[in-house]
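# A look at the structure
Chain by chain, the residues:
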Amino acid sequence: MISTVRRTFGGLVWPIYLVVCALVALAYFAIPENDATNPLRIVLYCAISGSAVPALLCGLRAHRPRWRLPWLLIASSQAVYFLADTSFYTAHYLLGITTFPFVADILYLAHYPLIVTGVLLLIRARSPRRDLLSLIDATVLGVAAALLSWLYLIKPLTTGDESGLTTAAYVAYPVLDLALLAVGLRLLLDPGPRPPSFFLLVGNLLAFLGADSIYVLQRIDGSYFAGNFLDALWLAGNIALGTAGLHPTMAALTQPGPGRELNLSPLRVTMLAAASLIAPGILVLENARVSNGYVNAIAAACAVLFLLTLGRLVVMVSEQRRLAVTDSLTGLHTRRYFEMELPKALARASRARTRLAVFIVDVDHFKSINDRYGHPVGDRVLVEISKRLREVVREGDVLARYGGEEFALLSTDVADEDVPAIAERLRMAVAREPVVVDRAEWIAVTTSVGAAQATGQEEDPLQVVAAADRALYAAKAEGRDRISVGERPVAVTAVDHTAALGYLHSVSDQVDHCLSSHSHGRAVGSYARVVCRAMGGDAATVHNTELAGRLHDVGKIVIPESVLGKPAALDEAEWALLRQHPDHGYHLLRSVPDLHEIAEIVRQHHERWDGKGYPLGLAAEAVRFEARIISVCDAWATMLADRPYRHTLTVDEALQELRDGRGTQFDPAVVDAFLRLHTDGEIHRLPPLLQAKS
């Protein structure tokens, strides 16, 4: 019942508020200005200004954003602004007081620190890790705006014959507007989500900044009078702010965004280029009267240098982005790129009511090629296979190197009857002729191909890949060098995988035997279950968290024991090998039907809150909730267990490590929950390692 009321609130109240405020604004401008109507005009104007405050508070109550403080500060700022409007228009229209500065100006200036702080906290919530690129870009634009403001707003105000108090009040407006512009630009450039409430809030900032700047210019030339067109801008800003608070997406505004990729949009490049040209342009304009060729030449050279430097950065960033999604050996896309494109392709297929297909191509007996001929020859074989696959793939489809000897193809708009033909074309492209190693030797290479089709309607990308994986294993089980087309992926919830899980548990215990005298996986699963339940996880989430915690290290089974049990510090190559275990665990678990979700949790358990983890570099809430819990529980169990490479920490030392990692390595909410549970005695000491069955 409550959720229904909230949906109704979010769906109806904001458009009603918007329409009512627009009608009130039209009435304000329709009423002629005279002594008889001035009180009504004041009421109408201030009603719109003040309405944004309860609108923001009602939005907070209804939509319950995770971060409330930014919105509370913005609401407080608007409350002060409403008092300023009331005092200004009452004094101007009813009392005939037009002196400057006035009490209203103190209130107008007082609202700036509140809204600047609120927007800063909003940015902090949306960008939990430092986004230096956006900060630098916002600073470039801010410096250009500051130069214009200084030359054409602030400096003229300091050269008049007004009193010191009047000059200070004049100057305070553009200076504080610059502060608001700086945080507004930072908000505009951050990688967080951009729902409708985002654009409404930005509209409020832009309307106020534009109106305030014109207001100062009119004050300078003496043309300002109350009730001119600036009132339309201020009223529009007030309405936009109130609507932003009531809109259902206001809760999403404080959610962190995905990690920023190395990319520069055309709009951002244009903005940076324009900002870089402002200083040379002003220099030319200011010296036009002098006709100083040297100054103009220097300004022109500066402009060209700025543009060349920016162009070089754009090319460099574009190249870095290309390298980040391109496999260095084969030149194909990387698995990360494939996994980023698959959800987008599913969404497009759902909208267009078409089907797509995923193909997994695995080189048969590739290990024997490496063992017999060596890795350099194996690399040449992979390069040749990638070349042959590329020749038979349609333009626009995504071909990627998915693993060591695995390739993946994402093909869109594919009819049912075309899937086997495409799979066979991929297989024959490799098998049609041997791979020539040198003039005297060649290698016959074959592949097995698994395929699965999807429509994109309520289908999980992991399920689609898992279906193609199962088809691939079927092709291998039937003798290799053949294709297998799987059924359309479906969510299965009641299949007994007792034997498979029993095997995975034994593999996890085997890994524990190599690392410690404690049952690490069992302990992490137990801790994770307690923490997840305490944090409000439902039964399915608690079960998945416990199982993923139990199996989180299963991928270490492929890491040599010489690395796992090394008593000294690992070298760089050994660390690189060890960091692959989340991926190994992911591939091992996803081969079991219906464990694709557990596989994804296991793959993410070494991701960090600040985005510096591995293997995907995810940050904050982009990391799965279950994986964030396991990360804390894994660290706790590791610190209290004896490991070959370091001594066991005391409980107090381990607790301090968790506190130190709060907000950087670990999710602050998970750490807080874990510490509370530990204080309450819910986190027990590690159980001894169970004896392996012979």
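Cut-offs applied
Residues numbered from 1 in each chain as written. Predicted model: local features only at pLDDT ≥ 70, side-chain atom pairs only at ≥ 80, totals over all residues. Heavy atoms only, no water. Helix = DSSP H or I, 4+ residues; strand = E, 2+ residues; numbered from the N terminus. Buried < 20%, exposed > 50% of the residue type's maximum accessible area, 1.4 Å probe, protein only. Areas by Shrake-Rupley, 256 points an atom, 1.4 Å probe, with all protein chains shown as cover. Core = buried A, V, L, I, M, F, W, Y, C linked by side-chain atoms within 4.5 Å. Phe/Tyr/Trp six-rings, centres within 6.5 Å; stacked < 30°, edge-to-face > 60°. Lys NZ or Arg CZ within 6 Å of the ring centre and 35° of its normal. Expected span 1.5 Å × (residues − 1). Patch = residues over 30% accessible without salt bridge, like charges linked within 9 Å, V, L, I, M, F, W, Y side chains within 5 Å. Salt bridge = Lys/Arg side-chain N within 4 Å of Asp/Glu carboxyl O. Lys, Arg positive; Asp, Glu negative; His and termini not counted. Charge placed at Lys NZ, Arg CZ, Asp CG, Glu CD. Pairing = 2+ DSSP bridges. Contact = heavy atoms within 4.5 Å. Axes fitted to C-alpha atoms, helices over the stretch in contact; angles between N-to-C directions. Left-handed = near helix turned anticlockwise from the far one by under 90°. Nonpolar A, V, L, I, M, F, W, Y, C, P; charged D, E, K, R; others polar. Parallel < 35°, antiparallel > 145°, perpendicular 65-115°, else oblique. pLDDT = per-residue confidence, 0-100.

### Overview of the overall build of the chain
For the chain, the helix and strand inventory stands at 25 helices and eight strands. By residue count, 48% of the 694 residues in the chain fall in the buried class. Approximately 32900 Å² of the chain is accessible, and the part contributed by carbon and sulfur atoms is 62%.

### Some remarks on unusual backbone geometry
The amide bond that connects Y614 to the next residue, P615, takes the cis arrangement and shows omega of 10°. Relative to the elements of secondary structure, P615 occurs in the loop between α22 (596-603) and α23 (625-640). A positive phi angle is found at R353, which is not glycine, with a value near 55°. Since its relative accessible area comes to 69%, R353 is described here as exposed. Its identity as a non-glycine residue notwithstanding, D481 has a phi of 50°, on the positive side.

### Concerning the nonpolar core
By size, the foremost hydrophobic cluster in this structure holds 67 residues, and its most contacted members are F338, L356, V358, L589 and W636. Per-element accounting of this core gives the leading share, ten residues, to α23. Counting 58 residues, the second-largest nonpolar core is a separate cluster that includes Y17, L60, V183 and L241.

### What to know about the packing of aromatic side chains
Evaluation of the coordinates by the stated rule reveals eleven aromatic pairs. Between Y28 and F29, the ring centres sit 5.0 Å apart and the planes meet at 80°, which makes this aromatic pair edge-to-face. Overall, the relative accessible area of 1% leaves Y28 in the buried class. Taking relative accessible area as the criterion, F29 reaches 39% and is therefore assigned partly exposed. Taking the centre distance of 5.4 Å and the plane angle of 55° together, the rings of Y28 and Y45 count as tilted. Of this pair, Y28 sits in helix α1 (residues 2-30) while Y45 sits in helix α2 (residues 38-63), and the two are 17 residues apart along the sequence. By the burial criterion, Y28 is buried, and Y45 matches it. Residue placement shows R603 over the ring face of Y586; its charged tip is 3.9 Å from the ring centre.

### A look at helix α13 (residues 375-391)
Here α13 is 17 residues long and its end C-alpha atoms lie 25 Å apart, about the 24 Å a rise of 1.5 Å per residue gives. Within the span of α13, buried status applies to V377, G378, V381, L382, I385, S386, R388 and L389.

### Describing helix α7 (residues 196-221)
For α7, spanning 26 residues, the distance from its first C-alpha to its last is 38 Å, which sits close to the expected 38 Å at 1.5 Å a residue. Just downstream of α7, G222 is the residue with a positive phi angle, here 75°.

### Quick notes on a negative patch on the surface
Residues D652, E653, E657 and D660 make up a contiguous surface patch of negative charge. Tracing the backbone shows E653 in helix α24 (residues 651-661).

### With respect to the sheet that holds strand β3 (residues 398-401)
Each strand in a sheet pairs with its neighbour through backbone hydrogen bonds, running either in the same direction (parallel) or in the opposite one (antiparallel). One open sheet holds the six strands; their spatial order is β1-β3-β4-β2-β7-β8, and the pairing between them is mixed. In this open sheet, the two edge strands, each paired with only one partner strand, are β1 (333-334) and β8 (483-485). With two bridges connecting them, β1 and β3 associate as parallel partners. Looking at β3, one finds that T334 is bridged to R401. In the packing of helix α15 (residues 461-477) onto the sheet, the strands contacted are β2 (356-363), β4 (406-411), β7 (447-454) and β8, and the crossing angle to β7 comes to about 145°.

### Concerning the packing of helix α4 (residues 103-126) against α7
Contact pair α4 / α7: the axes reach a minimum separation of 13 Å and the direction vectors enclose 145°. Viewed along their axes, α4 and α7 form a crossing whose handedness is left-handed. Of the residues in α7, those in contact with D105, H111, Y112, I115, L122 and R126 of α4 are F198, L201, N204, L205, F208, D212 and Y215. Of the residues belonging to the contact of α4 with α7, the class tally is eight nonpolar, two polar and three charged.

### Let's talk about the environment of V435
Here V435 shows up in strand β5 (residues 435-438). Put simply, V435 and L382 are 53 residues apart on the chain and 9.8 Å apart in space, counted from C-alpha to C-alpha. When near neighbours in sequence (up to four residues on either side) are disregarded, V435 contacts V381, E384, R388, W442, I443 and V445.

### A short note on the pairing of β2
Among the eight residues of β2, eight are classified as buried, and the element is accordingly described as predominantly covered. Of the two faces of β2, the one holding L356, V358, I360 and D362 and the one holding A357, F359, V361 and V363 are both buried throughout. When β2 meets β7, the two strands line up antiparallel, connected through eight bridges. Within β7, the residue paired with V361 across the bridge is V449. Pairing of β2 with β4 involves six bridges; the strand directions are antiparallel. In the strand pairing of β4, I360 is matched with A408.

### Here's the deal with a nonpolar patch on the surface
Residues L12, I16 and V20 make up a contiguous nonpolar surface patch of about 280 Å² in total accessible area. Note that V20 resides in helix α1.

### Points about the packing of helix α17 (residues 520-534) against helix α18 (residues 539-551)
The relative placement of two packed helices is expressed as an angle between their axes plus a distance between the axes. Two elements in contact, α17 and α18, have axes whose closest approach is 7 Å; the angle formed by their N-to-C orientations is 160°. With respect to α18, the element α17 is oriented roughly antiparallel. Note that α17 runs across α18; the crossing there is right-handed. Residues G521, R522, V524, G525, A528, R529, C532 and R533 of α17 touch α18, and the partners they reach there are T541, V542, T545, E546, G549 and R550. Here the contact of α17 with α18 is composed, by residue class, of four nonpolar, five polar and five charged.

### Quick look at the pattern of salt bridges
Within this structure, the stated rule accounts for 25 salt bridges. Ionic pairing is found between R394 and D397, a salt bridge with its closest N-O pair at 3.0 Å. In this structure D397 comes out as buried when scored by relative accessible area, which is 13%. Close ionic contact of R624 with E626 constitutes a salt bridge, the shortest N to O distance being 3.0 Å.

### Remarks on the confidence of the model for the chain
For the chain, per-residue confidence averages 81 on the pLDDT scale, and 84% of positions sit at 70 or higher. Taken element by element, the chain is modelled with least confidence in helix α10 (residues 293-324), mean pLDDT 67, and with most confidence in β4, mean pLDDT 93. When the criterion is pLDDT under 50, residues 489-496 qualifies, and its contacts beyond four places in sequence or with other chains add up to nine contacts. Low pLDDT, under 50, characterises residues 689-694; the predicted model gives this stretch eleven contacts beyond four residues in sequence or across chains.

### Comments concerning the pairing of β3
The side chains of a regular strand alternate, first on one face of the sheet and then on the other. On β3, burial covers both faces: V398 and A400 on one face and L399 and R401 on the other are all buried. Pairing geometry for β3 and β4, over four bridges, is antiparallel. Each residue of the ladder has a partner; that of V398, found in β4, is L410. Hairpin connection, β3 to β4: the antiparallel pair is bridged by four residues.

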